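# Analysis of the macromolecular model
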Amino acid sequence: MSKIGALEAGGTKMVLGIFTEAGEELDRLTLPTLTPAETLPPMRAFFDGHGIDALGIGSFGPLALNEQAHNYGSITSTPKLAWRDFPLLPALRGERSIPCAMDTDVNAAVLAEAELGVAKGLTDVVYITVGTGVGGGVLSGGRLVHGLLHPEVGHMLLRPHPDDPNPRGVCPYHDGCLEGLAAGPAIGARIGGDARDLPDDHPTFRIEAEYLAQMCVNLIMTLSPQCIILGGGVMQREALYPLVRARTQALLGGYVQSPAVLEHIDRMIVPPALFPVSGLVGSYLLGKQALDRTRAKG
Ligand code: ADP
Ligand code: ZN
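Please read these numbers as outputs of a predicted model, since none were measured by experiment. (Residues numbered from 1 in each chain as written. Chains lettered and ligands numbered in written order. Predicted model: local features only at pLDDT ≥ 70, side-chain atom pairs only at ≥ 80, totals over all residues. Heavy atoms only, no water.)

## Let's talk about the sheet that holds strand E4 (residues 54-59)
Across the sheet, which stays open at both edges, the 5 strands sit in the order E3-E2-E1-E4-E5 with mixed pairing between neighbours. At either end of the open sheet lies a strand with only one pairing partner, and these are strand E3 (25-32) and strand E5 (100-104). Averaged over all neighbouring strand pairs, the angle between strand axes comes to 15°, with direction disregarded. Contacting strand E1 (3-9), strand E2 (13-20), E3 and E4, helix H1 (residues 36-50) runs over the sheet at an angle of about 10° to E2. Its contacts with the sheet put helix H10 (residues 278-297) on E1, E2, E3, E4 and E5, and the angle it makes with E1 is roughly 135°. (Pairing = 2+ DSSP bridges. Helix = DSSP H or I, 4+ residues; strand = E, 2+ residues; numbered from the N terminus. Axes fitted to C-alpha atoms, helices over the stretch in contact; angles between N-to-C directions. Contact = heavy atoms within 4.5 Å.)

In structure tokens:
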């Protein structure tokens, strides 16, 4: 029986899993994300101990995902300096000649939700995580989107909310981008505290919902998704979903003539079904796909 190793690499923690080909989880290990020198050896030991036959990685980024490029499988310009330009996939593969695949954590998550979760069977799906940052994974026509690099949905530019005291946001790269305006730390900067401590009816959540709705509108207009999945720590605030849905409909202004938007938006803008393991399950699926591809080549 083949075993598939899965890694969801996050900025604060690494979650490793061992799966059967059929998707049964056999073991799991969670480690804090320290430096590569500290975190790599226990990760390698875990995968070595299980004797895996394939490896899938869903990682924080940005990532080098062009398989022809010399740095394929590296984390590139991350603000986490210890991991900048670190060749994560090659380092984990080591001497093993097993099928491996890597993608962004959010592309892994959208894959998992489209194969096994809330968007099961759909071909055009976006997964957004709103947490310490904002990231987006895109499945389009059944394929994970990479293109030039990979989508960086979190840095799309938005228009400021008139009541926002901090309309330039907190992204060090851009004025007024989604992550700088709507990630957890942006809410924290706006209120001078922790978003978790606020009541649902705090006015900052109207501003938050406005920005997430602008994002949904931009996604609907550019990608025409059948489903937008909103996950991550900030979306633990369930009161945000109805606010985001209502503002999305209002901002669309009746232009997109689909019942999915006009009547059933509560089924279109949804929480993930596999949270908090969408990324880990997606990493397993990436590993399984890599194994299947290698077998198909014979
Ligand atoms: P990460 O992105 O690092 O994986 P999370 O997805 O857990 O982390 O997101 C953490 C962020 O979510 C923090 O900024 C935190 O303030 C915010 N957050 C967590 N729970 C809530 C909540 N109930 N309401 C609003 N914000 C929340
Ligand atoms: Zn930005």
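## With respect to the domain arrangement of the protein chain
Assigned domains of the protein chain: these are domain 1 (3-104) and domain 2 (118-270). Measuring from the centre of the C-alpha atoms in domain 1 to the corresponding centre in domain 2 gives 28 Å. With 6 residues of domain 1 in contact, the opposing surface of domain 2 contributes 5 residues. Between domain 1 and domain 2, the buried area comes to about 450 Å², and carbon and sulfur atoms account for 48% of it. (Domains from an automatic or database assignment. Buried area = accessible area lost by both parts, 1.4 Å probe.)

## Details of the site of ligand 1
In the vicinity of ligand 1, the contacting residues are Gly131, Thr132, Gly184, Pro185, Asp194, Ala195, Arg196, Gly232, Gly233, Val234 and Arg237. Between Gly233 and ligand 1, the recorded distance is 2.8 Å, taken from a backbone N or O atom to an oxygen atom. Between Arg237 and ligand 1, the recorded distance is 3.1 Å, taken from a side-chain N or O atom to a nitrogen atom. When the free accessible area of ligand 1 is taken as 580 Å², the share hidden by the protein chains comes to 69%. Residue composition of the shell around ligand 1, grouped by class: 3 nonpolar, 5 polar and 3 charged. (Near = heavy atom within 4 Å. Polar contact = N/O pair within 3.5 Å; in protein donor to acceptor, adjacent residues only side chain to side chain. Areas by Shrake-Rupley, 256 points an atom, 1.4 Å probe, with all protein chains shown as cover. Nonpolar A, V, L, I, M, F, W, Y, C, P; charged D, E, K, R; others polar.)

## A word on the coordination of the zinc ion (ligand 2)
For the zinc ion (ligand 2), the full set of protein donor atoms is His155 (ND1), Cys171 (SG), His174 (ND1) and Cys177 (SG), at a range of 2.1 to 2.4 Å. Note that the zinc ion (ligand 2) binds 4 donor atoms; their angles at the metal cover 101 to 122°, and the shape is tetrahedral. All donor residues of the zinc ion (ligand 2) come from one chain, and their arrangement in sequence is H-x15-C-x2-H-x2-C. Taken together, the residues span a long stretch of sequence, with His155 in the loop between strand E8 (143-144) and helix H4 (178-182) and Cys171 in the loop between E8 and H4 at a distance of 16 residues. (Donors = N, O, S within 2.8 Å, 3.2 Å for Na, K, Ca; no water. Tetrahedral: all angles 85-135°; square planar, octahedral: opposite > 155°, others 65-115°.)

## Digging into the layout of surface pockets
Estimated volume of the second largest pocket: approximately 700 Å³. Along its surface, the second largest pocket is lined by 29 residues, and Glu67, Ala101, His146, Gln289 and Arg293 are the ones closest to its centre. Of all the elements in the fold, those that place two or more residues in the lining of the second largest pocket are helix H2 (88-93), E5, helix H3 (105-116), E8 and H10. No other element matches H10, which puts 6 residues into the lining of the second largest pocket. Looking at the lining of the second largest pocket residue by residue, the classes come out as 16 nonpolar, 6 polar and 7 charged. Counting the residues that make up the lining of the second largest pocket, at least three belong to each of domain 1 (3-104) and domain 2 (118-270). (1 Å grid on protein atoms, 1.4 Å probe; cavity = no way out; pocket = protein on both sides within 12 Å on 5 of 7 lines; lining within 4 Å. Points joined across faces, edges and corners; volume = space filled by probe spheres on them.)

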